[in-house]
Amino acid sequence: MGALQVRSRTSSRTGYRADATSAIIRKRIYSVLLLMAGLFVVVLGRLVWVQIVKAPYFRELALEQRMRPVPVDPKRGTMYDRCMRELAVSISADSVYAIPAEVSEPAKTAKALAHVLGMGEDALLAKLTATQQTVWLKRKVDHEAAMEVRRLSLPGIAVAESGQRFYPKDTLAAHVIGIAGIDNQGLEGLEQYYDAELRGVRGQIVAERDATGREIPEGRHSYVPPTDGNSLVLTIDEVIQYICERELEIAIAETGSTRGLILAMDPKTGEILAMAMRPTFNPNSYGKYPSEFRRNFIVSDMLEPGSTFKVITAAAALEEGIVTASTPFYDPGYLKVEDRTIRCHKPGGHGSETFMEALENSCNPVFATLALRLGVEKFVQYARAFGLLEKTGVDYPGEATGMMHQISKVGPVELATYGFGQGISVTPLQLLNAMCAIANGGALMRPMLVRKVIGADGALVEEHVPTKVRQVISSSTASELSRMLQSVIVNGSGQRGAVPGYAVAGKTGTAQKPERGRYGDKRIASFMGYGPASDPKVAVLVILDEPSSDVKYGGVIAAPVFRAVMQDIFRYMEIPPSYAVGMPQGTAGSGNSVFVPDVTGKSRAEAEAGLKEVGLLWRHEGIGDVVTNQVPKAGSQVGAGTTVIVYFGHEELYNREDVEIQVPDVIGKTLKEAALVLGARGLGVDPSGKGLVVRQTPAPGTHVKKGAIVTIFLEE
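Structure report, in brief. (Residues numbered from 1 in each chain as written. Predicted model: local features only at pLDDT ≥ 70, side-chain atom pairs only at ≥ 80, totals over all residues. Heavy atoms only, no water.)

As for the overall build of the chain
- Check the secondary structure of the chain and you find 21 helices and 33 strands.
- Taking all 716 residues of the chain together, 49% fall into the buried category.
- Total accessible area computed for the chain in this model is approximately 33700 Å², and 54% of it derives from carbon and sulfur atoms. (Helix = DSSP H or I, 4+ residues; strand = E, 2+ residues; numbered from the N terminus. Buried < 20%, exposed > 50% of the residue type's maximum accessible area, 1.4 Å probe, protein only. Areas by Shrake-Rupley, 256 points an atom, 1.4 Å probe, with all protein chains shown as cover.)

A word on unusual backbone geometry
- Residue P279 is reached from R278 by a cis peptide bond, and omega for that bond is 5 degrees.
- At the junction of T697 and P698, the peptide bond is cis and its omega measures out at 0 degrees in the coordinates.
- With respect to the helices and strands, the residue P698 is situated in the loop between strand 31 (692-697) and strand 32 (703-705).
- Positioned with a positive phi, S153 is a non-glycine residue whose angle comes to about 50 degrees.
- Within the element layout of this structure, S153 appears in the loop between helix 5 (143-152) and strand 5 (157-166).
- Relative accessible area serves as the criterion here: at 56%, S153 is assigned to the exposed category.
- Here E574, not a glycine, exhibits a phi torsion of approximately 55 degrees, which is positive.
- By relative accessible area, E574 is classed as exposed at 69%.

Re the nonpolar core
- With 97 residues, the main nonpolar core has L263, F355 and F386 as its most contacted residues.
- Beyond its immediate stretch of four places on either side in the chain, F386 contacts I312, A315, A434, A437, I438, L444, V472 and I473.
- Counting residues in each nonpolar core, the second largest holds 33 residues, with A276, V499, A525 and I569 among its members. (Core = buried A, V, L, I, M, F, W, Y, C linked by side-chain atoms within 4.5 Å. Contact = heavy atoms within 4.5 Å.)

Side note on the packing of aromatic side chains
- In the structure shown here, the tally under the stated rule is nine aromatic pairs.
- Considering the side-chain rings of Y97 and W136, the 5.7 Å spacing of their centres and the 75 degrees angle between planes classify their relative orientation as edge-to-face. Residue Y97 is found in strand 3 (residues 86-98), and its partner W136 is found in strand 4 (residues 135-141); the two are separated by 39 residues along the sequence.
- Taking the centre distance of 5.8 Å and the plane angle of 50 degrees together, the rings of F355 and F367 count as tilted. Separated by twelve residues along the polypeptide, F355 in helix 12 (residues 355-361) and F367 in helix 13 (residues 364-374) bring together distant segments of the chain. (Phe/Tyr/Trp six-rings, centres within 6.5 Å; stacked < 30°, edge-to-face > 60°.)

A few points about the environment of S482
- Structurally, S482 can be placed in helix 17 (residues 475-491).
- Excluding residues that lie within four positions of it along the chain, S482 makes contacts with A505, Y530 and A533.

Observations regarding helix 13
- Counting buried residues in helix 13 gives nine out of eleven residues, a clear majority hidden from the surface.
- Buried within helix 13 we find N364, P365, V366, F367, A368, T369, L370, A371 and L374.
- Among the residues trailing helix 13, G375 stands out with phi positive, at a value near 90 degrees.

Some remarks on a nonpolar patch on the surface
- A cluster of nonpolar side chains, contributed by F40, V41, L44, V48, W49, I52 and V53, occupies part of the molecular surface with about 690 Å² of accessible area.
- Summarising the element assignment, F40 is placed in helix 1 (residues 2-53).
- Residue class for F40 comes out exposed when judged on its relative accessible area of 55%. (Patch = residues over 30% accessible without salt bridge, like charges linked within 9 Å, V, L, I, M, F, W, Y side chains within 5 Å. Salt bridge = Lys/Arg side-chain N within 4 Å of Asp/Glu carboxyl O.)

A short note on the sheet that holds strand 33 (residues 709-715)
- Here three strands make up an open sheet; going across it, the order is 30-33-31 and the pairing mixed. One side of each edge strand has no neighbouring strand; the edge strands of this open sheet are strand 30 (684-689) and strand 31. Taken pair by pair, the neighbouring strands of this sheet meet at an average axis angle of 30 degrees, ignoring direction. (Pairing = 2+ DSSP bridges. Axes fitted to C-alpha atoms, helices over the stretch in contact; angles between N-to-C directions.)

Side note on helix 5
- Those residues of helix 5 that fall on the buried side of the exposure criterion are A145, A146 and V149. Along the axis of helix 5, the buried positions cluster into a sector of 100 degrees, meaning they face one direction only. Set apart from the buried face of helix 5 by more than 90 degrees, the exposed residues are H143, E144 and R151.
- S153 sits one or two positions beyond helix 5 and adopts a positive phi of about 50 degrees. (Arc of directions from axis to C-beta.)

Digging into the pattern of salt bridges
- Per the counting criterion, the structure on display carries 29 salt bridges.
- Notably, a salt bridge pairs R294 with E188, separated by 2.8 Å at the nearest N-O pair. Linking R294 in the loop between strand 12 (272-278) and helix 10 (297-300) with E188 in strand 7 (residues 186-188), this pair joins segments that are 106 residues apart in sequence.
- Several salt bridges share partner residues, and in doing so they unite R259, R295, D301, K513, K522, D545 and E546 into one network.

Some words on the packing of helix 11 (residues 310-319) against helix 17
- For the pair helix 11 and helix 17, the least separation of the axes is 10 Å and the interaxial angle reads 135 degrees. Between helix 11 and helix 17, the crossing angle belongs to the class labelled oblique. Crossing of helix 11 against helix 17: the hand is right-handed. On helix 17, the residues that touch V311, A314, A315, L318 and E319 of helix 11 are T477, L481, M484 and L485.
- The residue makeup of the contact of helix 11 with helix 17, split by class, is seven nonpolar, one polar and one charged. (Parallel < 35°, antiparallel > 145°, perpendicular 65-115°, else oblique. Left-handed = near helix turned anticlockwise from the far one by under 90°. Nonpolar A, V, L, I, M, F, W, Y, C, P; charged D, E, K, R; others polar.)

Considerations on the side chain of H464
- Structurally, H464 is set in the loop between strand 19 (460-463) and strand 20 (468-471).
- Only 3.5 Å separates the side chain of H464 from the side chain of E462, close enough to count as a polar contact.
- Sequence-distant contacts of H464, that is, excluding residues within four places in its chain, are made with Y194, D395, M448, V450, R451 and V453. (Polar contact = N/O pair within 3.5 Å; in protein donor to acceptor, adjacent residues only side chain to side chain.)

Examining the sheet that holds strand 22 (residues 518-531)
- Here five strands make up an open sheet; going across it, the order is 12-11-23-22-21 and the pairing antiparallel. Looking at which strands have only one partner, the edges of the open sheet turn out to be strand 12 and strand 21 (505-515). Direction aside, the axes of adjacent strands within the sheet are offset by 10 degrees on average.
- Strand direction decides the pairing type here: strand 22 and strand 23 (residues 538-545), joined by eight bridges, are antiparallel. Its bridge partner lying in strand 23, F527 is registered against V542.

Observations concerning the pairing of strand 22
- Relative to strand 22, strand 21 runs antiparallel, the two sharing ten bridges. Within the sheet, the bridge partner assigned to P514 lies in strand 22 and is Y519.
- What sits between strand 22 and strand 23 in their antiparallel hairpin is a turn of six residues.

Overview of the pairing of strand 23
- Here strand 23 lies mainly inside the structure; eight of its eight residues are buried.
- Side chains V538, V540, V542 and L544 of strand 23 all project onto a buried face; the interleaved residues A539, L541, I543 and D545 project onto the opposite face, where all are buried too.
- Note that strand 11 (residues 259-265) and strand 23 share seven bridges and pair antiparallel. Counted as the bridge partner of G260 is L544 from strand 23.

Regarding the environment of V644
- Counting through the fold element by element, V644 comes out in strand 28 (residues 643-649).
- The buried category is assigned to V644, whose relative accessible area is 0%.
- Remark: the alpha-carbon pair of V644 and V596, spanning 48 residues in sequence, is separated by 8.2 Å.

Notes on the side chain of T308
- Examined against the element boundaries, T308 turns out to sit in the loop between helix 10 and helix 11.
- In this structure T308 comes out as buried when scored by relative accessible area, which is 0%.
- Setting aside residues no more than four positions away along its own chain, T308 makes contact with L431, K507, T508, G509, S526 and M528.

As structure tokens, then:
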């Protein structure tokens, strides 16, 4: 009985443990099932999120990975001069590219393309085996090469059209326009400054490809056309630019200057009409020239202005009431300032003189005295007001500011030398812009190079209007100073700058160049002025740097260049004369006329004597020892005092009738301008029509015999 009870209790405990174990197992199973159910819900939710909610995003991402774009460059906008003549254009050019994944035989392909593209096989093979989606093999190939590549039909090789920059006038206004790179980007000049406007927006050719880069048959293809860039209408006038470059070329050759510039502006608007520099370069092949040839030193370089700065000193002194035109001075030939002696360029000095005469004589001691009377603060105030110590704000990259000592470091000696333009540095643009303020009734304008931005469809995008910076001096002071500057031309150091028939105002300058902290023998000869004085239409600055000629004075070698430039600009702008040619400014002519003698074949001395004998002035162009042409022609009846343009050449060429002459480009010129240019080359002209030259035969660059006739067609 007892044994039975023991077995019963043991069996009961065993069953209890079995039930407990079973319960634990079931609990674990339920937990696992619950966990799996939770994971299933998470996975399901993720699938719903990916395949339903985010489906559009992933479809686009997958498509983007399959679509391999090839960029298509837009055409850069055109640059026009102020009369809508093209200065920079984009022409169609082909570029060859490869899709390495589709090139089945890279070595064979490289060999086939090497001769066509003018490239080495190794260089081509490296590009054809690159891990890139697409790779340019050669940009901007000629038409024949592009056609040959298309004819070969090589797998993975294609040709795309792109724009190539072309400058139809070659070196004309090269420093203004600048250059554009092979990737359609502006690198220098206005090409760089207005790159965002000119560049446009790239397009693309898109094809659907697999993971290896091969095109998917029947896949999606699309073409997104490029948006061409906007165009610029510059303030530059092509004809005035040509006149300035021509005269600068002659002046550099005659004076042996290392470099030079001519800057022309409209004083009333601040528009830059011409910006000529030498040495120069051809932007179509800029890589062949030293980088310093491309430097626009009118904007980016500072120089000591010398006596042209006396205009600023005079303006400040007149405005402050320190002097009038008749204020008397005495110049003994020097001025003692502390331990320094400031000397006059004339030995013994000018003696007793009025302030107007001191300006005419460009007397250093008088202007040093005026600077000392003004004081440092007033002097700096006017220099700053004329914009000589700050950037002008011209729309061009790399502009420099003027420079002078801090006010606290300017002593009497420094201030005295500032008065006649020594020790202070300005850019040529700042200097002429200050002169323009005087011509413009005392109002300083902001210089500008671009008048308008127009879209590819010709619609106006933006118009740049003249901007007045500040009123520097009163209009009455500006008028008085203008009268005095006219006297500099009539009676003073600027007489060689006089323009027959026109009243002009101007100032000469000859500055010593500092070298290693000291002034040496090198000079900068300059002349700046404007006209007609009563209603200024144009202001011009001429600078000849380091002339090697025996005479280095600005009044002697720079003033005649100013005269030649202004004379042709007045003629081109059809500005009527201020007075009769050959008579003093402001007086009436007698109406006498003379016949122009024939001076062709004569020497310089003979030609000058023959013209002076009958009362004619003369201006010579070219380099040589004998007169090869003249304008007006012999026998023409002209007014006494008329200037005859005499062209010189070498005697051996003049006497030979078989000389071949390159026909110059006269498209865009008036009949008179074309006749002058062609006549200077010993060529005749046969005009047809009225207005400006639109076509010529023979074409520019053609070589013809001396005396050949060039037919020009003109349209209004």
